[in-house]
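# Structural description and commentary
Each chain is listed here by its residues.
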Amino acid sequence: MNSPILEYLASYGIDPAYLIIALAVLIVVLIILYINVLCKFKKLYRSYDRFMRGKDMESLEDTVMKQFDRLAALENSDQQKGKQIEAILENLQSVYQKTGLVKYDAFREMSGKLSYALALLDKNNNGILINSMYSREGCYAYVKEIIKGESYINMSEEEQEALNIAMGKDIVS
């Protein structure tokens, strides 16, 4: 052989056969790595193709646009729910939240506690007090306005007790 490279290697004591064997092993290793990369690429391409096609052969763009539309609808729904909750909270300030009920016998000849005093109050202790007295002649009902936990009309013991129950005050008997 008249190759300058082989002569150069021979001058350093390197047998050209070892070099050829090492290069052959290197080529085999590179072929194995190339085959491995091709297999991984094929698997990745299948996943990509499946992703791009979608379930019903829809394009990725259609799928993404549908998700954006769905997200916009959810945001609108969330805003509506927020407004509804605000309206409910505003209404809760004026609805009757507290109740107090006391049953009693209004007249000595009657028994069974058929008469009652009912207090209905909102958050600020404003509301009404209904007193219904039952007798043999009939049933009489009276309504008193309650403002900040007090009535400007005199109240009976039972009415005051119903009001205290509604406001959560301790009842003194």
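The preceding data block contains the structure.
Every chain begins its residue count from 1, and numbering advances along the sequence as written. Note on the predicted model: pLDDT of at least 70 is required for a residue's local features to be given, and 80 or more for side-chain atom pairs to be given and counted; whole-chain, interface and lining totals, by contrast, use all residues. Water and hydrogen atoms were dropped before computing side-chain values, which therefore reflect all heavy atoms in the structure.

### Digging into the overall build of the protein
Convention followed: Secondary structure elements follow DSSP: runs of H or I of four or more residues count as helices, runs of E of two or more count as strands, with numbering from the N terminus. Between the two quantities, the radius of gyration covers C-alpha atoms and the globule rule is 2.2 Å times the number of residues to the power 0.38. Accessible area is worked out with a 1.4 Å probe on protein chains only. A residue is then buried under 20% of its type maximum, exposed over 50%, and partly exposed in between. Residue contacts are counted whenever heavy atoms from the two residues lie within 4.5 Å of one another. To measure how exposed things are, a 1.4 Å probe is used in the Shrake-Rupley method; for residues, cover is taken only from the protein chains shown. Residues scored as charged are limited to Lys and Arg (positive) and Asp and Glu (negative), so that His and the chain ends carry no count. A charge is said to be at NZ when it belongs to Lys, at CZ for Arg, at CG for Asp and at CD for Glu.
Counting its regular elements, the protein contains four helices and four strands. In the protein, the succession of helices and strands from N to C terminus is α-α-α-β-β-β-β-α. Relative to the compact-globule value of 16 Å for 173 residues, the protein shows a C-alpha radius of gyration of 46 Å, a clear excess of over 25%. Projected onto its principal axes, the C-alpha coordinates of the protein cover approximately 140 × 40 × 30 Å. Counting over 173 residues, the protein shows a buried share of 16%. By sequence separation, contacts in the protein at least 24 residues apart represent 38% of the contacts at least 6 residues apart. Surface accessibility of the protein: about 14200 Å² in total, with carbon and sulfur atoms responsible for 59%. Distance from the positive charge centre (20 side chains) to the negative charge centre (23 side chains) of the protein: 6 Å.

### Observations concerning the nonpolar core
Nonpolar side chains in soluble globular proteins tend to end up buried together. Definition in use: The set of buried Ala, Val, Leu, Ile, Met, Phe, Trp, Tyr and Cys residues whose side-chain atoms join them within 4.5 Å is what this entry labels a nonpolar core.
Listed in full, the 11 residues of the largest apolar core are Val102, Tyr104, Ala117, Ala119, Leu121, Leu129, Ile146, Ala162, Leu163, Ala166 and Met167. Ranked by residues supplied to this core, first place goes to helix H4 (residues 157-167) with four residues. Setting aside its immediate chain neighbours within four residues, Leu163 contacts Ala119, Leu121, Leu129, Ile146, Gly149 and Met155.

### With respect to unusual backbone geometry
Even without a glycine there, the phi angle at Asn125 is positive, about 60°. Turning to its location among the elements, Asn125 is positioned in the loop between strand S2 (115-121) and strand S3 (127-134). A relative accessible area of 18% means that Asn125 is categorised as buried. Its identity is not glycine, yet Lys148 carries a phi of approximately 55°, on the positive side.

### Section: the sheet that holds strand S4 (residues 139-146)
By definition, the strands of a sheet pair up through backbone hydrogen bonds, in either a parallel or an antiparallel sense. For clarity, the threshold we go by: Whether two strands pair depends on DSSP finding at least two bridges between them. Between N-to-C directions, angles span 0 to 180 degrees; the directions come from axes that are lines fitted to C-alpha atoms, helices contributing only their stretch in contact.
As summarised here, the arrangement of the four strands in space is S1-S2-S3-S4, forming an open sheet in which the pairing is antiparallel. Each end of this open sheet is capped by a strand with a single partner; those strands are strand S1 (98-104) and S4. For this sheet, the mean inter-axis angle between neighbouring strands, taken without regard to orientation, is 10°. Relative to S3, S2 runs antiparallel, the two being bridged by six bridges. Bridge pairing links Leu118 to Ile130 in S3.

### What to know about the pairing of S3
Remark: five residues form the turn of the hairpin made by S2 and S3, two consecutive strands paired antiparallel; Asn125 in that turn has positive phi of roughly 60°. Taken together, the eight bridges between S3 and S4 define a ladder with antiparallel strand orientation. Note on S4: the bridge partner recorded for Asn131 is Tyr142. Where S3 folds back onto S4 in an antiparallel hairpin, the turn is made up of four residues.

### Things to note about the environment of Gln67
The residue Gln67 is located in helix H3 (residues 60-92) in this model. With relative accessibility at 44%, the residue Gln67 sits in the partly exposed group. Taking the C-alpha atoms as reference, Gln67 lies 53 Å from Ala119; in sequence the two are 52 residues apart.

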